[in-house]
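Observations on chain architecture
The lines below spell out each chain.
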Amino acid sequence: MTLALHGIAVSRGIAVSRALVWDTAMRDIPRNRIDKKSVRFEKKRFELAVKRVMEELTDIRAQIGTDSPAEFDALLNLHSLILQDPILSEVPKDLIASKLINAEWALVEQMDVLLAQFAAIEDDYFRERNADVRQVVERVLKALRGHATSLPLPPEGENEDPWLIVAHDISPADMVQLKGRRVGAFVTELGGATSHTAIVARSLGIPAVVGVPRALEFVHNGDLVVVDGKVGAVFLDPAQAVIDEYQRKQAILALSRQRLKRLITTEAKTQCGRRVHLMANIELPNDVERVVESNADGVGLFRSEFLFMNRKDWPSEDEQFEAYRKVIKAMKGRPVTVRTLDLGADKTLQLEGGSSAPPTSSSTALGLRSIRFSLAEPAVFLTQIRAVLRAAKYGPVKILLPMLTNIRETKQALAYIDLAREQLAERRIQAVQTVPIGGMIEVPAAALCVPQFLKYLDYVSIGTNDLIQYTLAVDRVDNQVAHLYDPLHPAVLRLVYEVIQSAEKAGAEVSVCGEMAGDIRLTRLLLGMGLTQYSMHPSQLLDVKELLLKTDFEETQKLVKRIARGFEIDKIDALMRLLHEE
């Protein structure tokens, strides 16, 4: 009998493969009391385990090839930094001595401390780094217990059937070890849309479903499993009819992907000739290669905070300048939108010389994050703006201010940008003096005040991920409430529609750069609202382009406007069916 499990679809595609289960070392962790005579031995055992894992991470990083996704190196670097954090590498030894407990117990206690700090981060990407903490601790636990820290790998070779990896979670180090192996899909119990498993799966084009509760309880090595990365479904012990149906879909999808490649040089236009601009989101400078390959109309969102990650000091002005310049030059005249530092309310950052970032508030969702953080740390903000203005002479650049909520902070940010220009002029450094400045619309307060914002800004970009969370009070990475995260909620649609209409009336550019932009279920809905600029992961561009080429802009707009003022739930369902009738 077929059993269906459901999770979060993070990378589209279909797989019909045998399962390779990666179990976790987090189960049955020994918690033993020790005597004073054993303290020295226990500390030494812990030190050797940490050393072994650090050496392994170094070896794995050396295996990364130039053709590997850029995310690998950054994520492995993060694991090394986590392992070096005194909270994990030093404090457990103190606990061994003071509490007379074994190394495993001490390590897990400190893991909980570090997890609490990561959980306090509001930004999705940074909050999901708690998974990285767990993965680092798991490797050390395995080393402590004398287990192999590496996991069983699928066989190599083009003739081998692809295997489906089922795990509690998958670390970047494990991902690197999978290079050259035949992997059909990923299924994990943990994770969200911005977890590293999701990021790497999308970059590799491998189907993935994360956040599948109790997957390890139901799946065994060698089981035949069907994964639908489009709807987030995992089918265990599938009936022959299910296998046949998904193998048919798999073949169709393979042909479709080959066909889509023919659209790379085709302009994105609707049937009636309306030009739609399809931009790409990137995290790191090397990501621009994928953007160029997909022939995107530009970089609609450069998440600059990734340049600030995995380090204990702020990146210098020159370092940032080189990163921005690399992307701008690679785009060869196509626009690049740099979002300024969008950190969540993080723990205090220890910088060189013992200095630290401003203390953050305890209420992270409503605390010091995004533009508030930048305004509280003007030296960091000014350094970033100067770097962007210097790089802007190599091609068209826009600056995007994250999570604006009121005009006062907008004026303050603009004043700092003016100051950065003056500082460059005083230093006689060549830089572009005027670049378009825009704001992220991510909270209802901003969505309701777009006309006022556009008196000071050149454009707006809708960050739908945060807008949905703040509107619905739903944490989308919390499995207990993730089902309430609904981009089709009437309140969300009304806000998105009002933002687009307000920008249109003001004659200003508006784009969507959240997950909604790359979701082909919502492409026509957004188009009907008047949106003509989307920014998404490069892997989603061709799917969206294909749908737009088959869409009549005017007819779609008529359908959406028919119910736009009400956005009643039953009418939304009916509209979505009409929008996707061919």
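Parameters at a glance
Sequence order as written defines the numbering, with residues in each chain counted from 1. Per-residue local features of the predicted model are confined to residues with pLDDT of at least 70, and side-chain atom pairs are confined, for both listing and counting, to 80 or more; whole-chain, interface and lining totals are unaffected and use all residues. Side-chain measures here rest on the full set of heavy atoms in the structure, leaving out hydrogens and waters. Where helices and strands are cited, they refer to DSSP runs of H or I of at least four residues and of E of at least two residues respectively, numbered from the N terminus. Each residue is placed in one exposure class: buried if its accessible area under a 1.4 Å probe, protein chains only, is under 20% of its type's maximum, exposed if it is over 50%, and partly exposed if it falls in between. Each accessible area is a Shrake-Rupley estimate made with a 1.4 Å probe; only the visible protein chains count as cover when residues are assessed. Note on geometry: axes are C-alpha line fits, over the in-contact stretch for helices, and angles between N-to-C directions span 0 to 180 degrees. Each angle gets one of four labels, with under 35 degrees taken as roughly parallel, over 145 as roughly antiparallel, 65 to 115 as roughly perpendicular, and the rest as oblique. In this scheme, a crossing is called left-handed if the near helix is turned counterclockwise away from the far one by less than a right angle; it is called right-handed if the turn is clockwise. Whether two residues touch is decided by their heavy atoms; if any such pair falls within 4.5 Å, the residues are in contact. Amino acids are sorted into nonpolar (Ala, Val, Leu, Ile, Met, Phe, Trp, Tyr, Cys and Pro), charged (Asp, Glu, Lys and Arg) and polar (every other residue, Gly among them). Side-chain atoms within 4.5 Å link the members of a nonpolar core, which is a set of buried Ala, Val, Leu, Ile, Met, Phe, Trp, Tyr and Cys residues. When DSSP finds at least two bridges between two strands, those strands are taken to pair.

Bringing the overall build of the protein into the picture now. Across its full length, the protein carries 24 helices and 16 strands. The buried share of the protein, reckoned over its 582 residues, is 56%. Surface accessibility of the protein: about 24,800 Å² in total, with carbon and sulfur atoms responsible for 51%.

The next point concerns the packing of helix 13 (residues 317-331) against helix 15 (residues 378-391). It is the contact of helix 13 with helix 15, at a shortest axis distance of 8 Å, that shows an interaxial angle of 40 degrees. By the angle between their directions, the pair helix 13 and helix 15 is classed as oblique. Seen along the crossing, helix 13 lies across helix 15 with a hand that is right-handed. Each of Glu 317, Asp 318, Gln 320, Phe 321, Tyr 324, Arg 325 and Ile 328 in helix 13 lies in contact with helix 15, whose residues at this interface are Thr 383, Gln 384, Arg 386, Ala 387, Val 388, Arg 390 and Ala 391. Residues belonging to the contact of helix 13 with helix 15 are distributed by class as follows: six nonpolar, three polar and five charged.

Leu 278, Phe 302, Tyr 324, Leu 401, Leu 525, Met 529 and Tyr 534 are the most contacted members of the largest nonpolar core, which totals 98 residues. In this view, Leu 525 contacts Leu 488, Leu 493, Val 560, Leu 575, Met 576 and Leu 579; residues no more than four positions away in its chain are not counted. Of all hydrophobic cores here, the second largest spans 33 residues; its members include Val 53, Leu 76, Ala 103 and Leu 114.

Tracing the sequence through the fold places Ser 374 in helix 14 (residues 371-376). A residue is classified by how much of its surface remains accessible, and Ser 374, at 2% relative accessible area, is buried. Setting aside residues up to four positions removed in sequence, Ser 374 forms contacts with Leu 341 and Phe 381.

Attention now goes to the sheet that holds strand 7 (residues 224-228). The mixed open sheet is built from eight strands, whose spatial order is 1-8-7-3-4-5-6-2. Edge positions in the sheet fall to strand 1 (3-6) and strand 2 (8-11), since each has one partner strand and no second. Taking each pair of neighbouring strands and ignoring which way they run, the sheet shows an average axis angle of 30 degrees. Bridge analysis of strand 5 (residues 183-188) against strand 6 (residues 208-210) gives two bridges, and the strand direction is parallel. Within strand 6, the residue paired with Phe 186 across the bridge is Ala 208. Strands in contact with helix 11 (residues 240-260) are strand 3 (14-22), strand 7 and strand 8 (233-236); relative to strand 3, the strand with the most contacts, it is inclined by about 110 degrees.

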